[in-house]
2 protein chains.
Amino acid sequence: MQKIQDAMAIIVQKFGGTSVGTVDLIRKVALRVKYEVDQGHQVVVVVSAMSGVTNQLIEHIHNITTTYDRTEYDVIASSGEQITSGLLALALQNIGVPARSWLGWQIPILTSDTHAHGKILEIHTASLLQDLKKGVVSVIAGFQGLSSQGRITTLGRGGSDTTAVALAAALKAERCDIYTDVDGVYTADPRTVSSAGKIDQIAYHEMLELASHGAKVLQRDSVEFAMRHNVRLRVLSAHAERPSGTLITGDHEIQTSPQAIRGVAHTLQEGQITLKGLPAKPEILTLFHEMMKTAQIEIDMLTQDLLPCGRLMDCHFTALKAELDRTEEILKLSQKKLNFYDLLRNNNVAKISIVGSGLKYYSHVARKLFKKLAEDHIKVSLVSCSDIKLSVLIPANETEKAVSALHGIYELDDKGKR
Amino acid sequence: MQKIQDAMAIIVQKFGGTSVGTVDLIRKVALRVKYEVDQGHQVVVVVSAMSGVTNQLIEHIHNITTTYDRTEYDVIASSGEQITSGLLALALQNIGVPARSWLGWQIPILTSDTHAHGKILEIHTASLLQDLKKGVVSVIAGFQGLSSQGRITTLGRGGSDTTAVALAAALKAERCDIYTDVDGVYTADPRTVSSAGKIDQIAYHEMLELASHGAKVLQRDSVEFAMRHNVRLRVLSAHAERPSGTLITGDHEIQTSPQAIRGVAHTLQEGQITLKGLPAKPEILTLFHEMMKTAQIEIDMLTQDLLPCGRLMDCHFTALKAELDRTEEILKLSQKKLNFYDLLRNNNVAKISIVGSGLKYYSHVARKLFKKLAEDHIKVSLVSCSDIKLSVLIPANETEKAVSALHGIYELDDKGKR
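Residues numbered from 1 in each chain as written. Chains lettered and ligands numbered in written order. Predicted model: local features only at pLDDT ≥ 70, side-chain atom pairs only at ≥ 80, totals over all residues. Heavy atoms only, no water.

**Q** Looking at this structure, I do not really get the packing of aromatic side chains. What am I missing?
**A** For any two aromatic rings, the description comes down to two numbers: the centre-to-centre distance and the angle of the planes. Residues and elements named next belong to chain B. Inspection of every chain in the model, using the stated rule, returns 9 aromatic pairs over all chains. Where F15 meets Y179, the ring centres are 4.6 Å apart and the plane angle is 10 degrees; that geometry is what we call stacked. Of this pair, F15 sits in strand 1 (residues 10-15) while Y179 sits in strand 9 (residues 175-180), and the two are 164 residues apart along the sequence. Given the relative accessible area of 0%, F15 is considered buried. When the centroid spacing of 5.1 Å and the interplanar angle of 55 degrees are considered together, the rings of F288 and F317 count as tilted. One end of the pair, F288, is in helix 10 (residues 282-294); the other, F317, is in strand 16 (residues 312-320), and 29 residues separate them in sequence. Taking relative accessible area as the criterion, F288 reaches 2% and is therefore assigned buried. (Phe/Tyr/Trp six-rings, centres within 6.5 Å; stacked < 30°, edge-to-face > 60°. Helix = DSSP H or I, 4+ residues; strand = E, 2+ residues; numbered from the N terminus. Buried < 20%, exposed > 50% of the residue type's maximum accessible area, 1.4 Å probe, protein only.)

Spelled out as structure tokens, the structure:
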């Protein structure tokens, strides 16, 4: 019984922009889809725009206006995926695999009305399931949906991953395979740490922390969605002959031996702001949080230092560098309200994060990090942690040294060789 | 009263691929739209793909397969117009003109299910009219519609002109302005006859004959549609400062002095086929016509010559060169049924046509043509005519000489200087 069910499983495959960057690559993708079809699976494919296409369209937009209507932005930006979906459907038909393209509005994939940042609300699967039963591969334009106003929406960066995961959830797919240009999730960025190794299996919440703190292979949103809907995610290379990739699942499925730390992530995308000498009152922090929320600025690593006088504090936090100008402006406009006497800013920082369930159980795991960084004379300016993640802010020019050192002390170097 | 009505008139403006070929040109188009808005008009704009875009997409398709599914072809080929519609909407908003883009499926523009050659069946105008009343310019992606199956269709070559004319009819527009890269309809192709002049006004049926016989400025389908629905068409330059163009209307509106011949058209797109020694029976010709109809091959200039024996005939006709291989193949497969003994083919021919109401009333107008061609030693192999058109087939290398000569004898040279 089990075997028959497996054979009829629905598999969602997602191919990113570099995997469908040319017509020749699209033909190769078609063969990979055919492979799953030949295994007896019902296959749904989600495609991105051919690499470069969307950027060129956005350049056109910027050449017209910088303060653009996001509704029209979506009409333009969604066309790249439309093209790829048609081309891949043709490439599949050409090798004898029945296939048809689907656009977001045709399925439909209903989203919020927040253009350029749509959230998937509902997917009508009836027509897709009908096609799948007939043995027709559905080739779906990723990144796009339909608003309540009947307009095209897009899902924001990495949106095609989200499309794939949401479809896998809606179709109760056996697995969602994200094909990309790397062969899986690594213990650290291989461009920074040459001994970094591929992780075979990792739990949703660990992957979520890695993705949130610098691992670029998957968007945080899609991992979160997969976790919430229990979609088995696989990240694998579109170029490898027989890719094995990284499987991202619930804790219970993880078969590899438990490891204290699963990986080291880093990001140079954030900058630090310090507000000097605020009144040490809860109302002030509440006001600060409300201001940031209203402005939709995501802050991280928030820390307060009570000054010796006991009535004032310094307040430190990080935010995306792209948002720092805006953040500074908003805070300076409210200097009287918040009652701080100075604002300092530091762009030359890196956030290094270690992620793993070990942090939850063993206090020495965290201690090791601080000991090592002190030995190596790397100054830590801010610290923040969750159950399974510990982040430190250090000088940007120490990034490689710190990541490599931590990768070493948590025995991740070995992992790469296995 | 009349004035108020005029001021509220709906104007449809259509811009072709070269008029929207770059972002800078799109910005210029926006100014031209604004000009009509500033006159108090309600404006609907139809756009083509930026020049080169659709060809590149079709090249992608051909690199995958030559025998493609036209349903997917339409998904791909329709994306160029989608992009332009969004960009022009942004460019209009940027100069303070409220605007939004509309795709074929959003309006919807319902078409036949004949993919890549869709015919417009119905246009739902309610939403457009609502927007127009609010003073919002509708920027519509041309060339596309929606099939009864909910798939995207395209309308075939020149389809954006048809979109514009159909919209003008459905919206009861005051005028449909087709902006292109020439400043109107000419008495002959100016690249062939340097003294050719712009025609200020011309009747639908005359324009239809010119378009059917080689004048490339407008597609025959869109002129036919305009005639059937009495849409006042204007062809004008997108690049000129104050374009006057050519107005195409019903006979009753033509104010210029009547002229025997309005223009000389020519085409090198057709080739000649001769079937030798067919039985001179009506059944044979009926069978031949049915075969061509089934194969969707449009034939032109069909002529039969009864041979001296009285029982056999030679049959000559022309068809598009692009279709000649297929035509020859179909005929040869039926050689026994049609009972001809040989098939001759001539690709080196040109069809020259004179068009004008004068042909209907004065027999000397036609005689002049044959006299002139004979004087100039230009051999006429086939002749065909309608009420207001006379076409002759001549050797291709005599094209320029013949067109110039006819342009001269019908006093069209003067027209250009006025």
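The structure having been displayed, the exposition proceeds.
**Q** Is there a simple way to explain helix 9 (residues 220-229) of chain B in this structure?
**A** Note that an α-helix has 3.6 residues per turn; residues three or four places apart therefore point the same way. All names here are of chain B. Among all positions in helix 9, only S222, V223, F225 and A226 are buried. In an axial view of helix 9, the angular spread of the buried residues amounts to 160 degrees, which keeps them on one side of the axis. On the buried face of helix 9, the contacting elements are helix 7 (159-170), helix 8 (204-212) and strand 11 (233-237). Residue N230 follows helix 9 closely and has a positive phi angle near 55 degrees. (Arc of directions from axis to C-beta. Contact = heavy atoms within 4.5 Å.)

**Q** Would you take a moment to explain the pairing of strand 1 (residues 10-15) of chain A for this structure?
**A** Walk down a regular strand and you will see the side chains alternate between the two sheet faces. All names here are of chain A. Burial analysis of strand 1 places 6 of its 6 residues in the buried class, the great majority of the element. Side chains I10, V12 and K14 project from strand 1 onto one buried face, and the interleaved I11, Q13 and F15 project onto a second face that is buried too. As paired elements, strand 1 and strand 2 (residues 42-47) share 6 bridges and run parallel to each other. If you follow V12 over to strand 2, its bridge partner there is V44. After leaving strand 1, the chain enters helix 2 (residues 23-38) and then returns to the sheet as strand 2, a path that is right-handed. Across 5 bridges, the pairing between strand 1 and strand 9 (residues 175-180) is parallel. By the bridge assignment, V12 is partnered in strand 9 with C176. (Pairing = 2+ DSSP bridges. Right-handed = clockwise from strand over helix to strand, strands pointing away.)

**Q** In this structure, what is going on with the pairing of strand 20 (residues 349-355) of chain A? I would like to understand it.
**A** Residue and element names in this part refer to chain A. With respect to burial, strand 20 is a largely interior element, 7 of its 7 residues being buried. Of the two faces of strand 20, the one lined by V349, K351, S353 and V355 and the one lined by A350, I352 and I354 are each fully buried. With 5 bridges joining them, strand 15 (residues 263-267) and strand 20 adopt antiparallel strand pairing. Paired with V264 across the strands is I354, a residue of strand 20. Across 7 bridges, the pairing between strand 20 and strand 22 (residues 389-395) is antiparallel. If you follow V349 over to strand 22, its bridge partner there is P395.

**Q** I keep staring at helix 10 of chain B and nothing clicks. Help me out?
**A** Residues and elements named next belong to chain B. Here helix 10 spans 18 Å end to end across 13 residues, near enough to the 18 Å set by a 1.5 Å rise per residue. Burial in helix 10 covers these residues: I284, L285, F288, M291 and M292. Projected down its long axis, helix 10 shows its buried positions confined to an angular sector of 125 degrees, all on one face. Exposed side of helix 10, more than 90 degrees from the buried face: P282, E283, K293 and T294 are the residues found there. On its buried side, helix 10 packs onto strand 14 (270-279), strand 15 (300-306), strand 16, helix 11 (321-333) and helix 12 (335-338). Just downstream of helix 10 lies Q296, where phi reads positive at about 55 degrees. (Expected span 1.5 Å × (residues − 1).)

**Q** Explanation requested: the sheet that holds strand 15 of chain A in the structure shown.
**A** Adjacent strands of a sheet form backbone hydrogen bonds with each other and so pair up, either parallel or antiparallel. Residue and element names in this part refer to chain A. One open sheet accounts for 4 strands, arranged 15-20-22-21; its pairing is antiparallel. If you trace the sheet from one side to the other, it starts and ends with strand 15 and strand 21 (382-386), each paired once. Neighbouring strand axes in the sheet, compared pairwise and without regard to direction, differ in orientation by 20 degrees on average. Helix 8 (residues 204-212) contacts strand 15, strand 20, strand 21 and strand 22 of the sheet and is inclined by roughly 170 degrees relative to strand 20. Contacts between helix 15 (residues 399-409) and the sheet are confined to strand 15, strand 20 and strand 22, with strand 20 contributing the most and set at about 10 degrees to the helix. (Axes fitted to C-alpha atoms, helices over the stretch in contact; angles between N-to-C directions.)

**Q** Explanation requested: the UniProt feature "domain: Aspartate/glutamate/uridylate kinase" (unreviewed entry) in chain A in the structure shown.
**A** Within this structure's numbering, the places UniProt gives as "domain: Aspartate/glutamate/uridylate kinase" (unreviewed entry) are residues 10-237 of chain A. End C-alpha atoms of residues 10-237 of chain A are separated by 20 Å, and the span's content is 40% helix alongside 23% strand. (UniProt positions renumbered as here; feature names shortened; annotations may be inferred.)

**Q** Please explain the pattern of salt bridges as it appears in this structure.
**A** For side chains of opposite charge, pairing can occur when their charged atoms come near one another. Evaluation of the coordinates by the stated rule reveals 50 salt bridges over all chains. For the salt bridge of K351 of chain A with E270 of chain A, the shortest nitrogen-to-oxygen distance reads 3.0 Å. Taken together, the positions of K351 of chain A in strand 20 and E270 of chain A in strand 16 (residues 270-279) put the pair 81 residues apart, joining distant regions of the chain. Accessibility expressed as a relative area gives 1% for K351 of chain A, which makes it buried. Taking the shortest distance from any N to any O, the salt bridge between D177 of chain B and R234 of chain B comes out at 3.0 Å. With D177 of chain B in strand 9 and R234 of chain B in strand 11, this residue pair connects regions lying 57 residues apart in the sequence. For the pair D177 of chain B and R234 of chain B, one class covers both residues: buried. Within the structure, one salt-bridge network assembled from shared partners comprises E36, R175, D177 and R234 of chain A. (Salt bridge = Lys/Arg side-chain N within 4 Å of Asp/Glu carboxyl O.)

**Q** Looking at this model, I keep getting lost on the environment of P279 of chain B. Mind explaining?
**A** Residue and element names in this part refer to chain B. By the element assignment, P279 lies in strand 14. Relative accessible area serves as the criterion here: at 11%, P279 is assigned to the buried category. Measuring from C-alpha to C-alpha, the distance between P279 and R151 comes to 47 Å, with 128 residues separating the pair along the chain. If near-sequence neighbours (up to four positions away) are discounted, P279 is found in contact with I284, R311, L312, M313, L338 and N339.

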